[in-house]
Amino acid sequence: MARLQNTVVGLDIDAVAADRTGPSTKAESHPNQRQGWALVLGLAVVLCIIFGTTLNSISVFTLPITTSLGCSNEEAARLATAFIFSMTLAMPVAGWLLDRISPRPVMTAGAIMAALGYLLASRSPDITQLTLAMALSGLGVGASTYVPAITLATRWIVPNRQGLAFGILLSGASIGAVIFPILLTHTIAEVDWRSTMLAIAGMILLICAPLLLWLARMPDDTSVVGLQPADESLGHGIGHALRMPRYWMWIAMQLLLTLSSLGIFIALVPYLISAGYSAQDAAFYYAGIGAAALIGNFTFGLLSNRWRAKNILLIGTVIGTAGILCLLGANDPVLGLGAIALFSLTWGTTFNLVNQLSPLLLVEAMGQRNFGSLLGIGNLIAGLGSAFSPEAVGYLVDTTHTYTLPLLLCGALAATALLPIALQHRPRT
């Protein structure tokens, strides 16, 4: 997500704090940054494992589950829809809770719930119970990962460094997307998908839950004066924000980009296999997306120190849309590998930018007051709409027997998002 907006917002907030308390008090109001960065790194590990084994690896389970349970592409894709839908529902609840209570019970309970969902999924006898188990896991992932982690970063890290913190958090998720699809594909081939899901549950329960018990906490109230404005001039009430067009434009931006990216992300492995690649090769290319995203998080994050996050997101969306068109050439006998490499480089480095930049755009437009709640509400609305993207792709594949139309529609959605991105602006003070 970006840093220039962070820098601008951070300077504005610091300036107000300086007027009220004086230069020396302002400097002392920031939380201990060494502890803050330790928390960011620890949460990056949590995102690496939880996102890496769940959302970033759902695609590698699609064909084994389809074969084992005899379900259609649409029914198998519904697993991702149920997971994303429930994860999205949990995000605003987690954001609201973090604005009011300690994050430790919220995030730890979420990790336990995510593990329980995969434990139940490993024992599900049919696609219906498996879908319900994945929905339960999605609730836990929503309560323990993105919105809570971003909210904690805004409380601990000084404003002009929050973009870097967001980049590190998402880099953790990207590393998980590199490691786990290949590892889980190999594990599924060696044992089966049920045993693999059981192993995922154990990993989350034994590693992530203890980490969150140790790390997830807010800084002392006296140390967040410079980061958490308490009056209306530095933020908006929830009701006021919901009546502001710029907030809804921010949500529209998220909805369009997430619709596009989720449809491609979940369908990528089945698409590559249908194009003639082996399951191992498809998982390797899928992991390449995670590696590219890792590069993109840092590259565009550094660029955002010089340019506004809105401009970075505009450029990234254009590049990513072009990458989607490249993916259409994956089944060409001559251009196939080159098309996949170009897709991985362009779309892979940019598809996650909306998650990296949207919190900064939100802070810039709305202020930090009620940040967790507003971020959660925005993710709820955008996520509920985009949760049906994988299932819609599966339906179109079943109907047309080709991935061409779904990929073109995903590209069109990303291109349409350029309008609400361009209309993002800083309010005049």
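1. Considering the overall build of the chain
- Within the chain, the secondary structure is distributed over 20 helices and 0 strands.
- When burial is assessed residue by residue, the chain has 59% of its 429 residues classed as buried.
- Across the chain, the fraction of contacts at a sequence separation of at least 24, relative to all contacts at a separation of at least 6, is 87%.
- Total accessible area on the chain stands at roughly 16200 Å², and carbon and sulfur atoms take up 67% of it.

2. Points about the side chain of Thr88
- Within the fold, Thr88 resides in helix H5 (residues 73–98).
- On the accessibility criterion, Thr88 (2% relative accessible area) is buried.
- At a separation of 2.7 Å, a polar atom in the side chain of Thr88 contacts the main-chain carbonyl oxygen of Ile84.
- Ignoring any residue separated from it by four or fewer positions in sequence, one finds Thr88 in contact with Asn379, Leu380, Gly383 and Leu384.

3. Details of the packing of aromatic side chains
- Evaluation of the coordinates by the stated rule reveals 10 aromatic pairs.
- Summarising the aromatic geometry, the rings of Phe265 and Tyr286 are spaced 5.0 Å apart at their centres and angled 40° between planes, so their arrangement reads as tilted. With Phe265 in helix H12 (residues 245–274) and Tyr286 in helix H13 (residues 279–303), this residue pair connects regions lying 21 residues apart in the sequence.
- Take Tyr286: its relative accessible area is 1%, and that puts it in the buried class.
- Where Trp347 meets Phe351, the ring centres are 4.5 Å apart and the plane angle is 10°; that geometry is what we call stacked.
- Residue class for Trp347 comes out buried when judged on its relative accessible area of 3%.
- Here the aromatic cluster, defined as three or more aromatic residues joined through ring pairs, consists of Phe265, Tyr286, Phe343, Trp347 and Phe351.

4. So, a nonpolar patch on the surface
- Taken together, the side chains of Phe85, Leu89, Leu139 and Phe388 define a hydrophobic patch exposed on the protein surface, amounting to about 310 Å² of accessible area.
- Mapped onto the secondary structure, Phe85 falls in helix H5.
- The class for Phe85 is partly exposed, based on a relative accessible area of 31%.

5. A short note on the nonpolar core
- Formed by 118 residues in total, the largest nonpolar core has its most connected members in Phe61, Ile65, Phe83, Leu130, Met134, Met197 and Leu272.
- By residue number, the principal contributor to this core is H12, which donates 15 residues.
- Those residues within four positions of Met197 in sequence are excluded, and the remaining contacts are Phe61, Ile65, Tyr118, Ala121, Ser122, Leu130 and Met134.

6. A closer look at the packing of helix H18 (residues 389–400) against helix H19 (residues 404–416)
- Two elements in contact, H18 and H19, have axes whose closest approach is 8 Å; the angle formed by their N-to-C orientations is 145°. Contacts between H18 and H19 involve Val393, Leu396, Val397 and Thr400 from the first element and Leu405, Pro406 and Leu409 from the second.
- Here the residues of the contact of H18 with H19 are counted per class, giving 6 nonpolar, 1 polar and no charged.

7. Topic: helix H9 (residues 162–190)
- Here H9 spans 42 Å end to end across 29 residues, near enough to the 42 Å set by a 1.5 Å rise per residue.
- Along H9, the largest kink reaches about 30° and is centred on Phe180; proline Pro181 follows within four residues of it.

8. Points about the packing of H12 against H13
- For the pair H12 and H13, the least separation of the axes is 8 Å and the interaxial angle reads 145°. Of the two elements, H12 crosses H13, and the hand of that crossing is right-handed. Side by side, H12 and H13 meet where Phe265, Leu268, Val269, Leu272 and Ile273 of the first sit next to Ala279, Ala282, Tyr285, Tyr286 and Ile289 of the second.
- Taken together, the residues that form the contact of H12 with H13 break down as 10 nonpolar, no polar and no charged.

9. Remarks on unusual backbone geometry
- In the Ramachandran plot, His401 falls in the positive-phi region, its phi being about 60° despite a non-glycine side chain.
- Residue position: His401 is located in the loop between H18 and H19.

10. Side note on the confidence of the model for the chain
- Of the residues in the chain, 87% reach a pLDDT of 70 or more, and the chain-wide mean stands at 81.
- Contacts of residues 1–28 to residues separated by more than four positions or lying in other chains number 64 contacts, the stretch itself having pLDDT below 50.
- Contacts for the low-pLDDT stretch residues 222–233, under 50 throughout, to residues beyond four places or in other chains number 33 contacts.

11. Here's the deal with H19
- In a regular helix each residue adds 1.5 Å, so 13 residues correspond to 18 Å; H19 covers 19 Å between its end C-alpha atoms and thus fits that length.
- Where H19 is concerned, the buried positions are Pro406, Leu407, Cys410, Gly411 and Ala414. In a view along the axis of H19, the buried residues occupy a sector of 140°, so they form one face of it.
- Summarising the contacts, the buried residues of H19 are in contact with H12, helix H14 (309–327), H18 and helix H20 (418–422).

12. So, the side chain of Thr62
- Relative to the helices and strands, Thr62 resides in helix H4 (residues 58–69).
- Residue class for Thr62 comes out buried when judged on its relative accessible area of 11%.
- From its side chain, Thr62 meets the backbone oxygen of Ser59 in a polar contact 3.2 Å long.
- Apart from residues no more than four positions distant in its own chain, Thr62 is found in contact with Ala76 and Pro270.

13. Description of the state of the cysteines
- Tallying each qualifying case throughout the model produces 0 disulfides.
- Unpaired in terms of disulfides, Cys48 finds its nearest cysteine sulfur in Cys208, a separation of 8.6 Å.
- Taking the relative accessible area as the measure of exposure, Cys208 reaches 0% and is therefore buried.

Analysis parameters
- Residues numbered from 1 in each chain as written.
- Predicted model: local features only at pLDDT ≥ 70, side-chain atom pairs only at ≥ 80, totals over all residues.
- Heavy atoms only, no water.
- Helix = DSSP H or I, 4+ residues; strand = E, 2+ residues; numbered from the N terminus.
- Buried < 20%, exposed > 50% of the residue type's maximum accessible area, 1.4 Å probe, protein only.
- Contact = heavy atoms within 4.5 Å.
- Areas by Shrake-Rupley, 256 points an atom, 1.4 Å probe, with all protein chains shown as cover.
- Polar contact = N/O pair within 3.5 Å; in protein donor to acceptor, adjacent residues only side chain to side chain.
- Phe/Tyr/Trp six-rings, centres within 6.5 Å; stacked < 30°, edge-to-face > 60°.
- Patch = residues over 30% accessible without salt bridge, like charges linked within 9 Å, V, L, I, M, F, W, Y side chains within 5 Å.
- Salt bridge = Lys/Arg side-chain N within 4 Å of Asp/Glu carboxyl O.
- Core = buried A, V, L, I, M, F, W, Y, C linked by side-chain atoms within 4.5 Å.
- Axes fitted to C-alpha atoms, helices over the stretch in contact; angles between N-to-C directions.
- Nonpolar A, V, L, I, M, F, W, Y, C, P; charged D, E, K, R; others polar.
- Expected span 1.5 Å × (residues − 1).
- Bend = angle between axes of the 7 residues up to and from the residue.
- Left-handed = near helix turned anticlockwise from the far one by under 90°.
- pLDDT = per-residue confidence, 0-100.
- Arc of directions from axis to C-beta.
- Disulfide = S-S within 2.5 Å.

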